[in-house]
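Geometric and topological summary
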Amino acid sequence: MLEKAGSGHTGGSLGMADVFAALYFRVAKDIHTTKVGRDRFILSNGHICPVWYATLAEAGFIKKEELLTLRQTGSRLQGHPVNHDFPFAELSTGSLGQGFPAAVGLALGYKMDKHKGKIYVSLGDGELQEGSIWEAFMAASNYKLDNLIAFIDRNMVQQSGKTEEMMALEPLAEKIASFGWQVIEADGHDFDAILAGFEKAGEKGPSCIIFQTKMGKGVSFIEDKFEWHGVAVNSEQASLALKELGE
Ligand SMILES: Cc1ncc(C[n+]2csc(CCOP(=O)(O)OP(=O)(O)O)c2C)c(N)n1
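Structure report, in brief.

The rules behind these values
Residues numbered from 1 in each chain as written. Predicted model: local features only at pLDDT ≥ 70, side-chain atom pairs only at ≥ 80, totals over all residues. Core = buried A, V, L, I, M, F, W, Y, C linked by C-beta atoms within 7 Å. Buried ≥ 20, exposed ≤ 12 C-beta atoms within 10 Å, placed from the backbone. Contact = placed C-beta atoms within 7 Å. Helix = DSSP H or I, 4+ residues; strand = E, 2+ residues; numbered from the N terminus. Pairing = 2+ DSSP bridges. Right-handed = clockwise from strand over helix to strand, strands pointing away.

Right, let's talk about the nonpolar core for a bit. Ala103, Ala107, Leu148, Ala150 and Ile209 are the most contacted members of the largest nonpolar core, which has 68 residues in total. Not counting chain neighbours up to four residues away, the residues in contact with Ala103 comprise Ile42, Ser44, Ile119, Val121 and Leu148.

Right under this line is the structure:
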């Protein structure tokens, strides 16, 4: 889909594929149904929507053919999630630092309405450099939002370099814990670890899972290279990548 679009975010999308598979196929309940109090998901790091759209297709919510409309005028699958006409997006995201605070509000609303469901929210590590993220961490613990599960794509890179060289985040786990959150660290490419992380996160909260990931996981010429943050594969690279991924 990225090859066809000719632009988009390849690196982060590949890096979060394992976590998204776990979330949609094992963890989230009644997601995208009409059930009151269903689990909900917000993609705060909206730029990695290719992996989310692919997950939605794999799970049968949208048709696989629609994936090839990525980023085209009139498509529901824009380069960042747009929620009008696309019921799976709880809100439009992509302006970093916005989705997480909205998820906090949603979780608070769920508590007030006594809904049982969980609110899952995906964040990028570079995204944590937005001030609104830390207001949201503070508010979620103030309101004791044990129905909120945030997870971070801790690939150590962002658009133009390494996070620790641009705006250091470490010691990240301690920082988030000091805001009153349960913090879990897990290998974002080990399914047992991912599932154990989500399970523990559901026990008390608010909870944040820091998933250690590799940008571009599974494709040798993309892995760990921040230069692939927002670049699409050309046709030759796409073939090589799919071959490496075993398709
Ligand atoms: C408010 C805002 N500022 C800047 C951008 C442009 N932008 C998109 S992704 C990104 C880097 C985010 O880094 P990270 O969250 O680590 O994502 P990764 O590179 O790992 O996919 C930036 C600066 C944006 N989308 N929103």
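Turning next to the pairing of strand 7 (residues 207–212). Of all six residues making up strand 7, five are buried, and the element is well covered by its neighbours. Where strand 3 (residues 148–154) lies against strand 7, six bridges are found, and the strand directions are parallel. The partner of Ile152 across the bridge, within strand 7, is Ile210. Taken together, the six bridges between strand 6 (residues 182–187) and strand 7 define a ladder with parallel strand orientation. If you follow Ile184 over to strand 7, its bridge partner there is Ile209. Taking the sense of rotation as the criterion, the β-α-β connection linking strand 6, helix 9 (residues 191–201) and strand 7 turns out right-handed.

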